[in-house]
Amino acid sequence: MRHDYEAVIGLEVHCQLLTASKAFSPESTQFGDPPNTNVDPISLGHPGTLPVLNARMVEYTIRMGLATNCKIAERSIFARKHYFYPDLPKGYQISQYETPICYDGWVEIELEPEGDGQEPVRKRIGIIRIHMEEDAGKSLHDQDPYHTLLDFNRCGVPLIEIVSAPDIRSPREAALYMQKIRQIVRYLGISDGNMEEGSLRCDANVSVRRRGETKLGTKTEIKNLNSFRNVERALEYEIRRQIAILERGGEVVQETRLWDAVRQETRPMRTKEEAHDYRYFPDPDLVPVVVTVDMLERIRAEMPEMPEVRRRRFMEELGLPAYDAGVLTEERGVADYYEATLAALTRLMPEGDRKTQAKAVSNFVMTEVLRVLNEHSIDIREFPIEPERLASLVRLRLEDRVSSTGAQEIFNAMLEDPRQPEEIAEARNLLQVSDESALIPVVEAVLAENPDKVQTYLNGKTGLLGFFIGQVMRRFEGAPDPKLVRRLLVERLEAARAAGQETK
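Residues numbered from 1 in each chain as written. Predicted model: local features only at pLDDT ≥ 70, side-chain atom pairs only at ≥ 80, totals over all residues. Heavy atoms only, no water.

## Things to note about empty space enclosed by the protein
Thinking step 1. What the rule picks out here adds up to one cavity of 30 Å³ or more.
Thinking step 2. There is about 40 Å³ of room inside the largest cavity.
Thinking step 3. Lining the largest cavity, in full, are Ser-43, Leu-88, Pro-89, Lys-90, Tyr-92, Glu-134, Asp-135, Ala-136, Cys-155 and Gly-156.
Thinking step 4. Taken together, the residues of the lining of the largest cavity sort by class into five nonpolar, two polar and three charged. (1 Å grid on protein atoms, 1.4 Å probe; cavity = no way out; pocket = protein on both sides within 12 Å on 5 of 7 lines; lining within 4 Å. Points joined across faces, edges and corners; volume = space filled by probe spheres on them. Nonpolar A, V, L, I, M, F, W, Y, C, P; charged D, E, K, R; others polar.)

Structure, rendered in structure tokens:
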């Protein structure tokens, strides 16, 4: 983007809630079921049907409001938002307009540092409102060459819409904000945040103006962005397009545009609607939503520890580096797994140094566990090594009973072998021998059989120590502790040096 212009961006994020039934009817919200199987007279808008509010939808929305520092309205109402679209069978959408349930909140994003060694920059993005609404159905334009097909399964699925303030100034900030929202909803357990399935998607409002100006430019809206990459690329294109229009002396038209991911461009969809175009009015079939003090306090008490708080705790209480703490708290399931493993290790080694144990577990989770999750695209809940078994493996490593290479071999075996790591280590002859009496004869035999190399070592070529260690490791049946082998060799070599000096 040109430095003499700045972008003003606001996002409207739509998030599907993880309820078993729809917002106002008992039908299933299961994704991927055959078309038009999760429908009923209420979601299809048949005459004489009445909606009944899903209480879990209200609770989940309040959770999101609390997690994003919003105020919670004691009383909010549902409204009818009227517009015609083939996959909206009622001819209106039940939403909230003048009185959203959550309002006036904020989240913080962490921007990349501007230079080497600099701390990340934290920026607060305001949230104007979070309101409840139902989803529309889905129009399928690619299933039949002559017709648009309609799947009403999604009609009535519960959504929240999170409307940010126009505080975002770059496509990168927009993507980071979306990532933060996704992290929060997943931590709260109110949505799976799956953008590919449409559980999380956003509309972006963007305008540009000369840097230093305070008046907002004419905005356009880009609809249904369903990936972080698409958010960034669509905004980058639209910002360039608007700047080019202004530079030519033209005027940006307020309109709704679609992002074409194939052509990497936005294209017009329709002129931008205003609120009066939707003819909002309170839904006469639904009573106001009343949030009592007791209800609010109960939900607040059930809130999980949020990622920023957990990250700070990992750093302050466990002594983890900022990088480790950030990686481990990115996903709630991974953070839970890490803490469960550390707790199990503490039980196995109650006298051990807790910070040393915390770092050792962190190393295993960040390298081995996350590697498996990423390679196989699985959730931590599907990971086959229980926290207790991983803790036992970490213990073997901390006690130097297995080498780092041996620990990795055991870990890989544990992915398919349900036995304890010590059993696997014994079966594979990977337990390190720490018995000096067993190692000394082998050490002395290696030195006795290589007198020329011993003399070269004594003459100053100490790099030969690696040769002696390798010989002992190969000859010994089992896995000798390399630290112990090194110590025994050095002791005998230095004793030989001392003896030679005495004879002189």
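Read on, since the account is not over.
## What about the packing of helix H8 (residues 354–376) against helix H10 (residues 404–414)?
Thinking step 1. In the contact formed by H8 and H10, the axes pass within 12 Å of each other and the chain directions differ by 35 degrees. Of the two possible hands of crossing, H8 and H10 adopt the one that is right-handed. For the pair H8 and H10, the contacting residues are Phe-364, Glu-368, Val-369, Arg-371 and Val-372 in the first and Ala-407, Gln-408, Phe-411 and Asn-412 in the second.
Thinking step 2. The class makeup of the residues in the contact of H8 with H10 is five nonpolar, two polar and two charged. (Axes fitted to C-alpha atoms, helices over the stretch in contact; angles between N-to-C directions. Helix = DSSP H or I, 4+ residues; strand = E, 2+ residues; numbered from the N terminus. Left-handed = near helix turned anticlockwise from the far one by under 90°. Contact = heavy atoms within 4.5 Å.)

## Things to note about the layout of surface pockets
Thinking step 1. Volume-wise, the second largest pocket comes out at about 890 Å³.
Thinking step 2. Arg-186, Glu-331, Asp-379, Ile-380 and Arg-381 are the residues nearest the centre of the second largest pocket, which is lined by 23 residues in total.
Thinking step 3. By residue number, the principal contributor to the lining of the second largest pocket is helix H7 (residues 332–348), which donates four residues.
Thinking step 4. Tallied by class, the residues present in the lining of the second largest pocket amount to eight nonpolar, six polar and nine charged.

## What to know about the packing of aromatic side chains
Note on aromatic pairs: each is described by the distance of the centres and the angle between the planes.
Thinking step 1. Inspection of the entire model under this criterion finds 10 aromatic pairs.
Thinking step 2. Aromatic side chains Phe-24 and Phe-78 sit 5.4 Å apart centroid to centroid with 85 degrees between the ring planes, which places their arrangement in the edge-to-face category. With Phe-24 in the loop between strand S1 (5–16) and helix H1 (55–67) and Phe-78 in the loop between strand S3 (75–76) and strand S4 (79–82), the pair connects residues that are 54 residues apart, well separated along the chain.
Thinking step 3. Classification of Phe-24 as buried rests on a relative accessible area of 4%.
Thinking step 4. Using a relative accessible area of 1% as the deciding quantity, one classes Phe-78 as buried.
Thinking step 5. Taking the centre distance of 5.9 Å and the plane angle of 70 degrees together, the rings of Tyr-278 and Tyr-280 count as edge-to-face.
Thinking step 6. Residue Tyr-278 is classed as buried on the basis of its relative accessible area of 14%.
Thinking step 7. Among the residues examined, Tyr-280 registers a relative accessible area of 22% and is labelled partly exposed.
Thinking step 8. Of the aromatic side chains, those joined through ring pairs into one cluster are Tyr-83, Tyr-97, Tyr-278 and Tyr-280.
Thinking step 9. Against the face of Tyr-278 rests Lys-81, its NZ or CZ located 4.5 Å from the ring centre.
Thinking step 10. Against the face of Tyr-92 rests Lys-90, its NZ or CZ located 5.5 Å from the ring centre. (Phe/Tyr/Trp six-rings, centres within 6.5 Å; stacked < 30°, edge-to-face > 60°. Buried < 20%, exposed > 50% of the residue type's maximum accessible area, 1.4 Å probe, protein only. Lys NZ or Arg CZ within 6 Å of the ring centre and 35° of its normal.)

## Things to note about the nonpolar core
In summary, soluble globular proteins display a tendency toward joint burial of nonpolar side chains.
Thinking step 1. Residues Leu-11, Val-13, Ile-62, Met-64, Ile-162 and Tyr-177 are the most contacted members of the largest nonpolar core, which totals 65 residues.
Thinking step 2. If one sorts the elements of this core by residue count, helix H2 (residues 171–188) sits on top with nine residues.
Thinking step 3. If near-sequence neighbours (up to four positions away) are discounted, Met-64 is found in contact with Ile-130, Ile-160, Ile-162, Ile-181, Ile-184, Val-185, Leu-188 and Ile-190.
Thinking step 4. Formed by 40 residues, the second largest nonpolar core is a distinct cluster that contains Leu-320, Val-334, Phe-383 and Ala-413. (Core = buried A, V, L, I, M, F, W, Y, C linked by side-chain atoms within 4.5 Å.)

## A short note on the sheet that holds strand S7 (residues 121–134)
Thinking step 1. As summarised here, the arrangement of the nine strands in space is S2-S6-S7-S10-S1-S11-S12-S13-S14, forming an open sheet in which the pairing is mixed. The sheet terminates laterally at strand S2 (71–72) and strand S14 (265–271), the two strands that pair on one side only.
Thinking step 2. Sheet topology note: the S1/strand S10 (residues 158–164) ladder contains five bridges and is antiparallel. The residue bridging Glu-12 from the neighbouring strand is Val-163, located in S10.
Thinking step 3. Sitting on the sheet, helix H3 (residues 228–247) is in contact with S1, strand S11 (200–210), strand S12 (220–225), strand S13 (255–260) and S14, with an inclination near 25 degrees to S11. (Pairing = 2+ DSSP bridges.)

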